[in-house]
Amino acid sequence: MRTIPPSELLVNDDGSVYHLHLRPEDLADTVILVGDPGRVAMVAAHFDTRDKEVSNREFHTITGTCKGKRLTVISTGIGTDNIDIVMTELDALANIDFKTRHIHNTLKRLTLLRLGTSGGLQPDLPIGTLVFSRTSIGLDGLLNFYKGRSEVCNHDMERRFVQETGWDDRLAAPYAVDADRELFDLFRNDTTEGITLSAPGFYAPQGRWIRLEPADTDLFNRIISFTYEGRRVTNCEMESSGIAGMAAMMGHRAGTICTIIAQRTSYQSDTDYAPYIEHMIRLALDRLVSL
Ligand SMILES: O=P(O)(O)O[C@H]1O[C@H](CO)[C@@H](O)[C@H]1O
Ligand SMILES: O=c1cc[nH]c(=O)[nH]1
């Protein structure tokens with residue numbers, strides 16, 4: 001049996017995992033992931049009890065109960081580099097014995113739902129729309145570092161995306177991965193289903209031009225025109241592909257719902273979006289407590 005060395009899985013002196021500062025008993029089986037540390041309190045405001053609250057760097061966590069269901073809400077910060085850390089450490093908390101450093105014989109399956117913000121890429125998706133990322137296309141390359149990547153990705157969709165967008169081979173190879181089907185079904189009547197791009201940046205990687213011009217100013221027009229089996233690219237954010245992909249490889253169920261807060265085709269945005277987020281949180285909690 002493989003013993004995972006201390007240099008690979010770092011455990012703090014208090015028995016907590018390196019970045020998240022959580023011990024195995026601090027984690028619920030159902031986890032809400034948010035990018036913004038400030039959003040953790042918005043979710044936890046709906047909890048009836050709280051048994052753990054901890055912060056380290058951008059990772060702020062509260063575990064408690066909501067209508068009798070034990071839940072954890074955690075902030076990931078921005079980007080799939082953080083998702084690599086959060087997903088690996090959440091899985092370690094669930095599935096590794098920190099004393100023996102062995103993987104448990106019976107693996108736990110976590111339920112992971114990201115509640116985020118995103119930019120809308122189609123004119124009929126106004127600010128405030130809730131999009132469920134039925135498929136995410138990662139432009140960040142994270143999954144390509146993992147051996148299990150091929151088993152969880154849609155290669156046909158990846159090939160078509162690369163071909164039809166004229167993808168520059170100096171960029172990371174895009175990976176296409178589905179959210180968990182059961183979670184998609186749980187939210188399909190209350191959200192717009194989408195293909196979501198996860199970009200490795202907010203500006204040029206999402207086609208924005210402030211002072212530095214993107215290398216290919218037409219790329220996002222070609223992305224917006226891309227369709228796969230009648231489905232189109234709906235929105236752009238920075239984490240859903242890593243969450244869906246790592247969860248699929250690890251045997252967890254995961255999905256992402258994002259509120260659109262910037263409309264890229266009409267050039268509008270709303271930075272005062274808390275009421276939309278509150279609506280998304282209430283919807284998510286209502287469905288998750290019934291699981
Ligand atoms: O609002 P969050 O959940 O952070 O999500 C989106 O907002 C951030 C960029 O502003 C990125 O993390 C992006 O994915
Ligand atoms: O356009 C947007 C809005 C929020 N988050 C993103 O990543 N992109």
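Residues numbered from 1 in each chain as written. Chains lettered and ligands numbered in written order. Predicted model: local features only at pLDDT ≥ 70, side-chain atom pairs only at ≥ 80, totals over all residues.

The name given to the chain in an unreviewed UniProt entry is Uridine phosphorylase, with the source organism recorded as Alistipes inops.

Draft legend 1. Region of interest: the overall build of the chain. In terms of regular secondary structure, the chain is built from eight helices and 14 strands. For the chain, whose C-alpha radius of gyration is 19 Å, the value lies close to the compact-globule estimate of 19 Å for 291 residues. With the C-alpha coordinates aligned to their principal axes, the bounding extent of the chain is approximately 55 × 40 × 35 Å. Here the chain holds 291 residues, and the buried ones make up 42% of them. Within the chain, residue pairs in contact and separated by at least 24 positions form 77% of the contacts whose partners lie at least 6 positions apart. (Helix = DSSP H or I, 4+ residues; strand = E, 2+ residues; numbered from the N terminus. Rg over C-alpha atoms; globule rule 2.2 N^0.38 Å. Buried ≥ 20, exposed ≤ 12 C-beta atoms within 10 Å, placed from the backbone. Contact = placed C-beta atoms within 7 Å.)

Draft legend 2. How the structure looks around the confidence of the model for the chain. Predicted confidence across the chain gives a mean pLDDT of 98, with 100% of residues reaching 70 or more. This complex was scored by the predictor with a pTM of 0.98 and an ipTM of 0.99. (pLDDT = per-residue confidence, 0-100.)

Draft legend 3. Spotlight on the packing of helix 2 (residues 80-95) against helix 7 (residues 240-250). Direction vectors running N to C along helix 2 and helix 7 enclose 30 degrees, while the axes themselves pass 9 Å from each other. In terms of orientation, helix 2 lies roughly parallel with respect to helix 7. The handedness of the crossing between helix 2 and helix 7 comes out as right-handed. Each of Thr80, Ile83, Asp84, Met87 and Asp91 in helix 2 lies in contact with helix 7, whose residues at this interface are Ser241, Gly242, Ile243, Met246, Ala247 and Met250. Taken together, the residues of the contact of helix 2 with helix 7 sort by class into six nonpolar, three polar and two charged. (Axes fitted to C-alpha atoms, helices over the stretch in contact; angles between N-to-C directions. Parallel < 35°, antiparallel > 145°, perpendicular 65-115°, else oblique. Left-handed = near helix turned anticlockwise from the far one by under 90°. Nonpolar A, V, L, I, M, F, W, Y, C, P; charged D, E, K, R; others polar.)

Draft legend 4. Quick look at the environment of Gly68. Relative to the helices and strands, Gly68 is located in the loop between strand 3 (59-66) and strand 4 (69-75). For Gly68 and Cys258, which are 190 residues apart along the polypeptide, the C-alpha to C-alpha distance reads 26 Å.

Draft legend 5. Just the site of ligand 2, in detail. Around ligand 2 sit Thr117, Ser118, Gly119, Phe202, Gln206, Cys236, Glu237, Met238, Ile261 and Ala262, and those are all the residues in its vicinity. Among the elements that make up the shell around ligand 2, the one with the highest residue count is strand 7 (residues 111-120) (three residues). Grouping the constituent residues of the shell around ligand 2 by class yields five nonpolar, four polar and one charged. (Near = placed C-beta within 6 Å.)

Draft legend 6. How the structure looks around unusual backbone geometry. One non-glycine residue, Glu229, lies in the positive phi region at around 50 degrees. Using a count of 7 C-beta atoms within 10 Å as the deciding quantity, one classes Glu229 as exposed.

Draft legend 7. Structural context of the pairing of strand 10 (residues 192-198). In terms of burial, strand 10 is a largely internal element, five of the seven residues being buried. Note: strand 8 (residues 130-138) against strand 10, seven bridges, orientation parallel. Bridge pairing in strand 10 places Thr135 opposite Ile195. (Pairing = 2+ DSSP bridges.)

Draft legend 8. Up close: the nonpolar core. Judged by nonpolar contacts, the single largest core of 71 residues is most densely connected at Ile32 and Ile257. Discounting chain neighbours no more than four positions away, the residues touching Ile257 are Leu113, Leu115, Leu130, Val131, Phe132, Phe187, Thr191, Met280 and Ala284. (Core = buried A, V, L, I, M, F, W, Y, C linked by C-beta atoms within 7 Å.)

Draft legend 9. Structural view of the UniProt feature "domain: Nucleoside phosphorylase" (unreviewed entry) in the chain. Following the UniProt record, one finds the feature "domain: Nucleoside phosphorylase" (unreviewed entry) at residues 31-265. Between the C-alpha atoms that bound residues 31-265 there is a distance of 33 Å. The span itself is 27% helix and 34% strand. (UniProt positions renumbered as here; feature names shortened; annotations may be inferred.)

Draft legend 10. View of the environment of Arg287. Along the chain, Arg287 turns up in helix 8 (residues 274-288). What makes Arg287 partly exposed here is the crowd of 15 C-beta atoms within 10 Å. Between the C-alpha atom of Arg287 and that of Leu112, which follows or precedes it by 175 residues, the distance is 13 Å. Look past the residues within four positions of Arg287 in its chain and what remains in contact with it is Leu186 and Phe187.

Draft legend 11. Layout of the packing of helix 1 (residues 37-44) against helix 8. Interhelical geometry of helix 1 versus helix 8 gives an angle of 55 degrees and a closest axis separation of 10 Å. Relative to helix 8, the element helix 1 is oriented oblique. The crossing of helix 1 and helix 8 is right-handed. Packed against helix 1, whose contacting residues are Arg39, Met42 and Val43, the element helix 8 presents Ile277, Glu278 and Ile281 at the interface. Tallied by class, the residues present in the contact of helix 1 with helix 8 amount to four nonpolar, no polar and two charged.

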